[in-house]
Amino acid sequence: MYFKALYFFYKIYCFIFRPIRFGVRILMLQDEKVWLIRHTYLPGWFMPGGGLKKWETLDQAVRREAREETGAELGEISLIGTFSSFIQWKTDHTTVFLCRDFKIVGKSDGEIAEIRQFALDALPENMFPSHRRLLEAFRNGMDRSNFGEW
């Protein structure tokens, strides 16, 4: 309930101030299965990730978000691309990384309701649309640009 209330007030903030945000997402892939999360305050499945904190690099942010949301410690990561979104009265620029080298060593924080693995060819129906499109493009050899609107 706490996270739902915070998210409600965040949407009001976005409506009033129209922020520009920078974030990260991580495609965590092992044995051709992707790890996805479900938030306590939003419906659907997402790739782990979130916003950058002040003085934080992209590398630090994606590792922190993976640890907080899945309990994973990431090894080598590679860049997939940077994508933009203009929904909910804000401008989001999200840099997406790929990691095949990680270990689940802890637990997720209270923001996460569930963590699960899905085969790339059997993604959940209620997945966030831009995340689904990116994973389908990745499965099909990433024949799209590594930047653009999502």
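Residues numbered from 1 in each chain as written. Predicted model: local features only at pLDDT ≥ 70, side-chain atom pairs only at ≥ 80, totals over all residues. Heavy atoms only, no water.

Caption draft 1: Structural detail: the overall build of the chain. Each helix and strand in the chain was counted, giving 3 helices and 9 strands. Taken from the N to the C terminus, the helices and strands of the chain come in the order α-β-β-β-α-β-β-β-β-β-α-β. Taken over C-alpha atoms, the radius of gyration comes to 15 Å for the chain, in line with the 15 Å a tight globule of 150 residues would show. Summarising its shape, the C-alpha atoms of the chain cover approximately 45 × 35 × 35 Å along the three principal directions. Expressed as a percentage of the 150 residues in the chain, the buried residues total 43%. In the chain, the share of contacts with a sequence separation of at least 24, taken over all contacts with a separation of at least 6, comes to 68%. A total accessible area of about 8500 Å² is found for the chain, and carbon and sulfur atoms account for 56% of it. When the 21 positive and 19 negative side-chain charges of the chain are each reduced to one mean point, those points stand 5 Å apart. (Helix = DSSP H or I, 4+ residues; strand = E, 2+ residues; numbered from the N terminus. Rg over C-alpha atoms; globule rule 2.2 N^0.38 Å. Buried < 20%, exposed > 50% of the residue type's maximum accessible area, 1.4 Å probe, protein only. Contact = heavy atoms within 4.5 Å. Areas by Shrake-Rupley, 256 points an atom, 1.4 Å probe, with all protein chains shown as cover. Lys, Arg positive; Asp, Glu negative; His and termini not counted. Charge placed at Lys NZ, Arg CZ, Asp CG, Glu CD.)

Caption draft 2: Representation of the pairing of strand β1 (residues 20–30) in the model. Summarising the sheet, β1 and strand β6 (residues 91–99) pair through 9 bridges and their orientation is parallel. Its bridge partner being in β6, R25 is matched across the sheet by V96. Strand direction decides the pairing type here: β1 and strand β3 (residues 49–51), joined by 3 bridges, are antiparallel. Bridge pairing links R25 to G49 in β3. Looking at chain direction, β1 and strand β2 (residues 33–39) are connected through 2 bridges and run antiparallel. In the sheet register, Q30 faces β2, and the bridge partner there is K33. If you look at the hairpin formed by β1 and β2, you'll find 2 residues sitting between the two strands, and D31 has a positive phi there, around 50 degrees. (Pairing = 2+ DSSP bridges.)

Caption draft 3: Representation of helix α3 (residues 129–139) within the structure. Within the sequence span of α3, burial applies to S130, H131, L134, L135, A137 and F138. Along the long axis of α3, the arc covered by the buried residues comes to 160 degrees, so they all point the same way. Close packing links the buried residues of α3 with β1, β2, β5 (77–85) and β6. Remark: G141 follows α3 within two positions and exhibits a positive phi of approximately 95 degrees. (Arc of directions from axis to C-beta.)

Caption draft 4: Representation of the side chain of E69. Inspection of the secondary structure assignment puts E69 in helix α2 (residues 58–70). Within the structure, the side chain of E69 is placed 2.9 Å from the backbone nitrogen of G49, a separation counted as a polar contact. (Polar contact = N/O pair within 3.5 Å; in protein donor to acceptor, adjacent residues only side chain to side chain.)

Caption draft 5: Examining the pairing of β2 more closely. Burial runs high along β2: 5 of the 7 residues are buried. In terms of strand pairing, β2 meets strand β8 (residues 112–119) through 7 bridges, oriented antiparallel. Following the sheet pairing, W35 is matched in β8 by Q117.

Caption draft 6: How the structure looks around unusual backbone geometry. Not every positive phi belongs to a glycine, and R18 is a case in point at roughly 50 degrees. Counting through the fold element by element, R18 comes out in the loop between α1 (2–17) and β1. Exposure remark for R18: the relative accessible area of 45% places this residue in the partly exposed category. Not every positive phi belongs to a glycine, and W55 is a case in point at roughly 70 degrees.

Caption draft 7: Just a nonpolar patch on the surface, in detail. A contiguous nonpolar patch, built from F8, F9, I12, Y13, F15, I16, F17 and W89 and spanning about 870 Å² of accessible area, is present on the exposed surface. Along the polypeptide, F17 turns up in helix α1. (Patch = residues over 30% accessible without salt bridge, like charges linked within 9 Å, V, L, I, M, F, W, Y side chains within 5 Å. Salt bridge = Lys/Arg side-chain N within 4 Å of Asp/Glu carboxyl O.)

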